[in-house]
Amino acid sequence: MSFFKRLKDKLVGNPTEEEKVAEIIEEEAAEQKQDEATEPAQIEAIVDENEKAEEVSVTEATSETEIPVASEDQEQQEQQEQQEQQEEVQEVAIVEEPVKEKKPSAWSITQKFKAGLEKTRNSFTSKVNDLVARYRKVDEDFFEELEDLLLQADVGFETVMELMDKLRFEVQRKNIKDTSGIQTIISEKLVEIYEQGEEDLIELNMQPNGELTVILFVGVNGVGKTTTIGKLAHRLKSQGKTVVLAAGDTFRAGAIDQLQVWGDRVGCEVIKQSEGSDPAAVMYDAIRAAKNRNADVLICDTAGRLQNKVNLMNELEKVHRVISREVPNAPHEVLLALDATTGQNALVQAQTFKEATNVTGIVLTKLDGTAKGGIVLAIRNKLHIPVKFVGLGEKMDDLQPFDAERYVYGLFAEGLDKELQNSED
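The structure contained in this document is the topic of the report that follows. The structure displayed is predicted, hence computed values, not measured ones. (Residues numbered from 1 in each chain as written. Predicted model: local features only at pLDDT ≥ 70, side-chain atom pairs only at ≥ 80, totals over all residues. Heavy atoms only, no water.)

Quick look at the nonpolar core
Of all hydrophobic cores here, the largest spans 81 residues; its most connected members are Phe142, Leu298, Ile323, Leu364, Phe402 and Tyr407. Those residues in contact with Ile323, other than ones at most four positions away along the chain, are Val214, Leu216, Met283, Ile287, Cys300, Ala330 and Pro331. Within the second largest apolar cluster, 22 residues are counted, among which are Ile215, Phe217, Leu236 and Val243. (Core = buried A, V, L, I, M, F, W, Y, C linked by side-chain atoms within 4.5 Å. Buried < 20%, exposed > 50% of the residue type's maximum accessible area, 1.4 Å probe, protein only. Contact = heavy atoms within 4.5 Å.)

Following this line, the structure appears as structure tokens:
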């Protein structure tokens, strides 16, 4: 099935559960806007009634000397009116309170990728659109400028060269003369380069029910590793899994406390020792605790020091050895957290950790904070390690399984929307 067909099925085919959620969100947003629009009118009406009540009280006060007999009745009436007004205010507050406390459902995955890649799209795709507008014909000058734009987006030299070869071949094969529809071809080739004929790249190697799955997290300090662990724990817990966290980063000041905060936030037990303890000993205790509690998943944090690669490798090897001894074939996943905003430096980090341990997947954090989201393709094509999760925001559910088609759609959303609409017409 072609990329264009798959994209149509995902975005304009029969509504999936994700699209249904998106529709519900839109309806809730519309209702909330309506409530917000009526709120000032309600408050203004209450204020007017209060002002009228004050005017009545002032009038009563001035006439008190003339009609002393009626003053007590008027005071009682005024108190009754004020009580009614207070009840009305309380009723308004009761009506409004659920709206304020209502938590919106998660966006559809497609919307998350589109929103998360906004910076890259505004930077990269706007330039592609300008390029397509300036070049009505697909010629060598067009390819050279497109090549420069892809390099600026951190797609990577090797990936760009491969993409350009595929594009030139496709243009010749289909005898394409103008640039209309070129974004669809670029998108399709980018997905082909990423997937490389492999399927189910994003699936975690989860063990059968009743067996413990051990996930080892590695990565340098400051990439959002601990935060990502918390978000992944939240995701697994929402799937009905019992999750235990192991605070194996015993060297960075505050790392244990940070993981404990996330553990409390998502409702997961954190197995820890004092700062400076042996990380392998923490892993041993954590595995024993996870087994005793019949946990489904154990997520292990590790130190992220790259200053001395030898020490890093020795430490990770020791941790890996302890885990494998206690749980056969574990760790079942070794996930490397990389900061997307670091660009090509992320490739250097990935290469270092790949040498130190058997990395099975990448978690690319802060993808929403960079204008060079092409680093996803560079990592996959150069290191042959799949990107399993991407961070698309700061919310608890903004850690999403990577989807190559939705990722490419996030890069070319506006142009592809137009081409999809034209195909429907």
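We are not done yet, so read on.
Points about the packing of helix α7 (residues 157–174) against helix α8 (residues 182–195)
Closest axis-to-axis distance for the α7/α8 pair is 10 Å, and the angle between their directions is 130 degrees. Viewed along their axes, α7 and α8 adopt a mutual orientation that is oblique. Considering how the two elements wind past one another, α7 and α8 form a crossing that is right-handed. Along its contact with α7, which presents Thr159, Glu162, Leu163, Lys166, Leu167, Glu170 and Val171, the element α8 presents Ile182, Ile185, Ile186, Lys189, Leu190 and Ile193. Residue classes in the contact of α7 with α8 are distributed as 8 nonpolar, 1 polar and 4 charged. (Axes fitted to C-alpha atoms, helices over the stretch in contact; angles between N-to-C directions. Helix = DSSP H or I, 4+ residues; strand = E, 2+ residues; numbered from the N terminus. Parallel < 35°, antiparallel > 145°, perpendicular 65-115°, else oblique. Left-handed = near helix turned anticlockwise from the far one by under 90°. Nonpolar A, V, L, I, M, F, W, Y, C, P; charged D, E, K, R; others polar.)

Notes on helix α10 (residues 255–266)
Counted at 1.5 Å a residue, the expected span for α10 with its 12 residues is 16 Å, and the 17 Å between its end C-alpha atoms agrees. Those residues of α10 that sit buried are Ala255, Ile256, Leu259, Gln260, Trp262, Gly263 and Val266. Projected onto a plane normal to the axis of α10, the buried residues spread over an arc of 165 degrees and lie on a single side. Every exposed residue of α10 that faces more than 90 degrees away from the buried side is listed here: Asp257, Asp264 and Arg265. If you follow the buried residues of α10, they end up packed against α9 (225–238), β2 (243–246) and β3 (269–271). (Expected span 1.5 Å × (residues − 1). Arc of directions from axis to C-beta.)

What to know about unusual backbone geometry
Backbone torsion omega between Ala330 and Pro331 reads -5 degrees, so that peptide bond is classified as cis. Here Pro331 is to be found in the loop between α12 (309–326) and β5 (333–339). You will see that Asp154, though not glycine, has its phi angle at about 65 degrees, which is positive. With respect to the helices and strands, Asp154 occurs in the loop between α6 (140–152) and α7. Note on Asp154: relative accessible area 8%, which makes it buried. Although it is not a glycine, Asn294 adopts a positive phi angle of roughly 55 degrees.

Comments concerning the sheet that holds β5
Taken in spatial order, the 8 strands make up an open sheet running β3-β2-β4-β1-β5-β6-β7-β8, and their pairing is mixed. The open sheet terminates on both sides in strands that have one partner only, identified here as β3 and β8 (399–401). Between one strand and the next, the sheet's axes are offset by a mean angle of 25 degrees, whatever the strand orientation. Relative to β8, strand β7 (residues 387–391) runs antiparallel, the two sharing 3 bridges. Across the sheet, residue Phe389 finds its bridge partner in β8, namely Pro401. This element, helix α14 (residues 375–383), spans β5, β6 (361–365) and β7 of the sheet and lies at about 165 degrees to β6. (Pairing = 2+ DSSP bridges.)

Describing the packing of aromatic side chains
Each aromatic ring pair is specified by the distance between its two centres and by the angle formed by the two planes. Throughout the structure, instances matching the rule amount to 3 aromatic pairs. Seen in terms of ring centroids, Tyr135 and Phe142 are 6.0 Å apart; in terms of plane orientation they differ by 70 degrees. Their pairing is edge-to-face. Comparing Tyr135 with Phe142 shows no difference in burial state: the two are buried. On the numbers, 6.0 Å between centres and 65 degrees between planes, the contact of Phe142 with Phe143 is edge-to-face. Note on accessibility: Phe142 and Phe143 belong to one class, buried. Members of the aromatic cluster, joined through ring pairs, are Tyr135, Phe142 and Phe143. Between the NZ or CZ atom of Arg265 and the centre of the ring of Trp262, over which it lies, the distance is 4.4 Å. (Phe/Tyr/Trp six-rings, centres within 6.5 Å; stacked < 30°, edge-to-face > 60°. Lys NZ or Arg CZ within 6 Å of the ring centre and 35° of its normal.)

Some thoughts on the environment of Glu195
Mapped onto the elements, Glu195 comes out in helix α8. Spatially, the C-alpha atom of Glu195 lies 7.5 Å from that of Ala404, the residues being 209 residues apart in sequence.

Digging into α6
Compared with an ideal rise of 1.5 Å per residue, which puts 13 residues at 18 Å, α6 spans 19 Å between its outermost C-alpha atoms and is within 8% of the ideal. Burial in α6 covers these residues: Phe142, Phe143, Leu146, Glu147, Leu149 and Leu150. In an axial view of α6, the angular spread of the buried residues amounts to 165 degrees, which keeps them on one side of the axis. Packing partners of the buried residues in α6 comprise α5 (118–134), α7 and α8. The backbone nitrogen of Asp141 lies 3.3 Å from a side-chain oxygen of the residue at the head of α6, namely Asp139. Just past α6, the residue Asp154 takes up positive phi, approximately 65 degrees. (Polar contact = N/O pair within 3.5 Å; in protein donor to acceptor, adjacent residues only side chain to side chain.)

Examining a negative patch on the surface
On the surface, Asp139, Asp141, Glu144 and Asp148 cluster together into a patch of negative charge. Turning to its location among the elements, Asp141 is positioned in helix α6. Residue class for Asp141 comes out partly exposed when judged on its relative accessible area of 43%. (Patch = residues over 30% accessible without salt bridge, like charges linked within 9 Å, V, L, I, M, F, W, Y side chains within 5 Å. Areas by Shrake-Rupley, 256 points an atom, 1.4 Å probe, with all protein chains shown as cover. Salt bridge = Lys/Arg side-chain N within 4 Å of Asp/Glu carboxyl O. Lys, Arg positive; Asp, Glu negative; His and termini not counted. Charge placed at Lys NZ, Arg CZ, Asp CG, Glu CD.)

Regarding the pairing of strand β1 (residues 213–218)
Taken across its 6 residues, β1 has 6 buried, putting it largely inside the fold. The alternating pattern of β1 places Thr213, Ile215 and Phe217 and Val214, Leu216 and Val218 on opposite faces, both of which are buried. In this structure, β1 lies alongside strand β4 (residues 297–300), joined through 4 bridges in parallel fashion. Across the sheet, the residue bridging to Val214 is Leu298, located in β4. Of the strand pairs in this sheet, β1 and β5 are connected by 4 bridges, and their pairing is parallel.

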